[in-house]
Amino acid sequence: MWTFTRDVEAYAKAAEPFLMADPVRNTVALTALAGIRAGLPADGALYGWWTDGGQVRGAVFRTPPHPCVLARMPVEAIAPLVAALGGDVPEFVGPVEVTREVQHALGSPGRVLPERLYRLGTLTVPQAPGRGRPATGDDVPLLAGWTRAFFDEVALEGGDIMSRVTRRVAAGELFLWEDGGEPVSMAGLSVAVGGVCRVAPVYTPPARRRRGYGAAVTAHVCTVGLAERCDQIVLFTDLANPTSNAVYQSIGFEPVADYAQVTIRP
């Protein structure tokens, strides 16, 4: 049975223990929950959890304009979920076995972005010129431009990017790689939830690519995370980009599970 609410604390009370049982695979749901509880805007948010035999066995949330986020859940929960949402799920993301079932219920997708969740094993720090540092308020305009370019490149909705970047810089979640004193790449590192931090986004301007900066800034934020914030570090990759998948594996990331982001209406 699905239960829905617009009260984030009611959702947290019911679903957070279920999500925390696997903080690696549920990293998106958990970091979003932490952000919303800390004051991140979530106008129009809807939260839900699936119970079976008195136990929570699935969870979902949607914070427009972002995709509907699906945690793992049994197959029999999908049809009731789609029905409860009135078929109005234009975009969703989650474990591939779950997103496939939603596709079957809703019809042919307009676009499918296959993703893979990786977890850091043993970090191998690459050799690249320059150094990493935390971003500061002075970096916000540059980071906002790069973040907008990142979302444009992956064809995803970024929301209010300036507010996002300003908040993340203030929270110590964005980092830069500099070469010769000039910023050449960026990476984000989420707050730790359940001992897990997530790296996102990682962006290097096209003119600066193929010099090892992306790998270097990723390794830098991993070093910071393990030293100061968390026990495990994860990230998602676009499976259609073999270069980025190879780069992350070269510094120690190991595959965990496949996910997909699906747009029903083009």
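Residues numbered from 1 in each chain as written. Predicted model: local features only at pLDDT ≥ 70, side-chain atom pairs only at ≥ 80, totals over all residues. Heavy atoms only, no water.

(A) Here's a closer look at the sheet that holds strand β2 (residues 46–52). An order of β1-β2-β3-β4-β5-β12-β6-β11-β10-β9-β8-β7 is seen for the 12 strands of this open sheet, with the pairing classed as mixed. Only two strands of the sheet have a single partner each, and these edge strands are β1 (2–5) and β7 (131–134). Here the average twist between neighbouring strands, direction ignored, is 25 degrees. Sheet contacts for helix α4 (residues 96–106): β4 (68–70), β5 (91–95), β6 (111–120) and β12 (253–263); angle to β5, the most-contacted strand, approximately 145 degrees. Strands β6, β10 (196–203), β11 (232–238) and β12 of the sheet are contacted by helix α8 (residues 242–250), whose axis makes an angle of about 160 degrees with β11. (Pairing = 2+ DSSP bridges. Helix = DSSP H or I, 4+ residues; strand = E, 2+ residues; numbered from the N terminus. Axes fitted to C-alpha atoms, helices over the stretch in contact; angles between N-to-C directions. Contact = heavy atoms within 4.5 Å.)

(B) Highlighting the packing of aromatic side chains. What the rule picks out here adds up to 8 aromatic pairs. Between Y11 and W49 the ring centres are 6.5 Å apart and the planes differ by 45 degrees, which places this aromatic pair in the tilted class. Remark: W49 occurs in strand β2 and Y11 occurs in helix α1 (residues 8–20); sequence separation between them is 38 residues. Taking relative accessible area as the criterion, Y11 reaches 1% and is therefore assigned buried. What links up through ring pairs into an aromatic cluster is the set W2, F4 and W50. (Phe/Tyr/Trp six-rings, centres within 6.5 Å; stacked < 30°, edge-to-face > 60°. Buried < 20%, exposed > 50% of the residue type's maximum accessible area, 1.4 Å probe, protein only.)

(C) The environment of F151, seen in detail. In this fold, F151 is placed in helix α5 (residues 140–154). Put simply, F151 and Y203 are 52 residues apart on the chain and 9.8 Å apart in space, counted from C-alpha to C-alpha. What F151 contacts, discounting residues up to four positions off in sequence, is L156, E157, G158, I161 and R164.

(D) View of the pairing of β11. Where β6 meets β11, 5 bridges bridge the pair, whose relative direction is antiparallel. Note on β11: the bridge partner recorded for Y118 is L235. As paired elements, β10 and β11 share 4 bridges and run parallel to each other. Within β11, the residue paired with C197 across the bridge is I233. Note on the crossover from β10 through helix α7 (residues 213–228) to β11: the handedness is right-handed. (Right-handed = clockwise from strand over helix to strand, strands pointing away.)

(E) Up close: the packing of α5 against helix α6 (residues 161–170). Relative orientation of the contacting elements α5 and α6 amounts to 125 degrees, with a least axis distance of 9 Å. In this view, α5 runs oblique relative to α6, as classed from their interaxial angle. Helix-helix and strand crossings are classified by hand; for α5 and α6 the assignment is right-handed. Residues V140, L143, A144, T147, R148 and F151 of α5 touch α6, and the partners they reach there are I161, M162, R164, V165, T166 and V169. Here the contact of α5 with α6 is built from residues that sort into 8 nonpolar, 2 polar and 2 charged. (Parallel < 35°, antiparallel > 145°, perpendicular 65-115°, else oblique. Left-handed = near helix turned anticlockwise from the far one by under 90°. Nonpolar A, V, L, I, M, F, W, Y, C, P; charged D, E, K, R; others polar.)

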